[in-house]
Amino acid sequence: MAWTVLHVAAWLARRPAWQERTLHFMRRLADSAAARGRVGPAADLADLGRQWQKAFGGKAKHPVTAITNDTVYGEIHTHCPLRGTGDTQACWRMMEFDRAVLAKAGGQFVVLRSQAEPGVTVCQVAMRTAAARLDDLVPAHVRAVGSGR
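To start, this report covers the structure provided alongside it. None of the values given here were measured: they were computed from a predicted structure.

Another aspect to go through is the pattern of salt bridges. For the structure shown, the criterion picks out 12 salt bridges. A salt bridge links R143 to E117; the shortest N-O distance between them is 2.7 Å. Of the two residues, R143 sits in helix α6 (residues 140-146) while E117 sits in the loop between β3 (107-113) and β4 (123-129), which places them 26 residues apart along the sequence. Look at R143 and you get partly exposed, because its relative accessible area is 26%. Judged by its relative accessible area of 1%, E117 is buried. D136 is paired through a salt bridge with R128; the nearest N and O atoms lie 2.6 Å apart. On the accessibility criterion, D136 (51% relative accessible area) is exposed. Classification of R128 as buried rests on a relative accessible area of 3%.

Right, here's the structure in full:
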C-alpha cells in the first residue's frame, strides 16, 4: 500500500468505534490490490505465500521466510504508522487487508509479531490454507492483551 493509504488506514484503525468502517475500507483495498496483482486460488501451500506477495507487487518488503508442512511464514518490512504504539488491536483491524487477500487465495492469515509492539520493526506473519486450524498460532493482538499490554 502507498504510504498515504497506510496512514489513512492507521488513522481509521486507531478508532475502535469505527471498526466496521475500517474493516470495510481494508477489504476494498484488498479487492483492488488482489485484482491488480492477479491474486487467485493458491495451487499449494508455497503458492499461498506467492499469492500474498502479489498483492504488494513484489517480494522485497514481504518475504516468505519459511514453509513447514502446514504453514507459510513471512515478514512485513514496510514501515508501519502503528510502529511502537502498542496498539495491536488497531494492527488487527489494519491487517484485514492481508486476511482478505489470503481469503481470495484460499488461505488464512495471522500476525504473530506486530510492528505496533514496542521494539518490533518487522511484522512476523503466518499463513495457512482455509481448512487448516489456527489454534496453535497466537496472534499478536491476543498475546499483547494477555501480557497486560
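Among the structural elements, Q115 can be located in the loop between β3 and β4. Those residues in contact with Q115 that sit more than four places away from it in its chain are I76, H77, T78, H79, C80, L82, R83, G84, V120, T121, V122 and C123.

This part covers the sheet that holds β4. Across the sheet, which stays open at both edges, the four strands sit in the order β1-β2-β4-β3 with antiparallel pairing between neighbours. Every other strand in the sheet has two partners, leaving β1 (64-67) and β3 as the edge strands with one partner each. Neighbour to neighbour, the strand axes of the sheet diverge by 25 degrees on average, direction disregarded. The pairing of strand β2 (residues 72-76) with β4 spans five bridges and is classified as antiparallel. Bridging across to β4, G74 finds its partner in V125.

Criteria and thresholds
- Residues numbered from 1 in each chain as written.
- Predicted model: local features only at pLDDT ≥ 70, side-chain atom pairs only at ≥ 80, totals over all residues.
- Heavy atoms only, no water.
- Salt bridge = Lys/Arg side-chain N within 4 Å of Asp/Glu carboxyl O.
- Helix = DSSP H or I, 4+ residues; strand = E, 2+ residues; numbered from the N terminus.
- Buried < 20%, exposed > 50% of the residue type's maximum accessible area, 1.4 Å probe, protein only.
- Contact = heavy atoms within 4.5 Å.
- Pairing = 2+ DSSP bridges.
- Axes fitted to C-alpha atoms, helices over the stretch in contact; angles between N-to-C directions.

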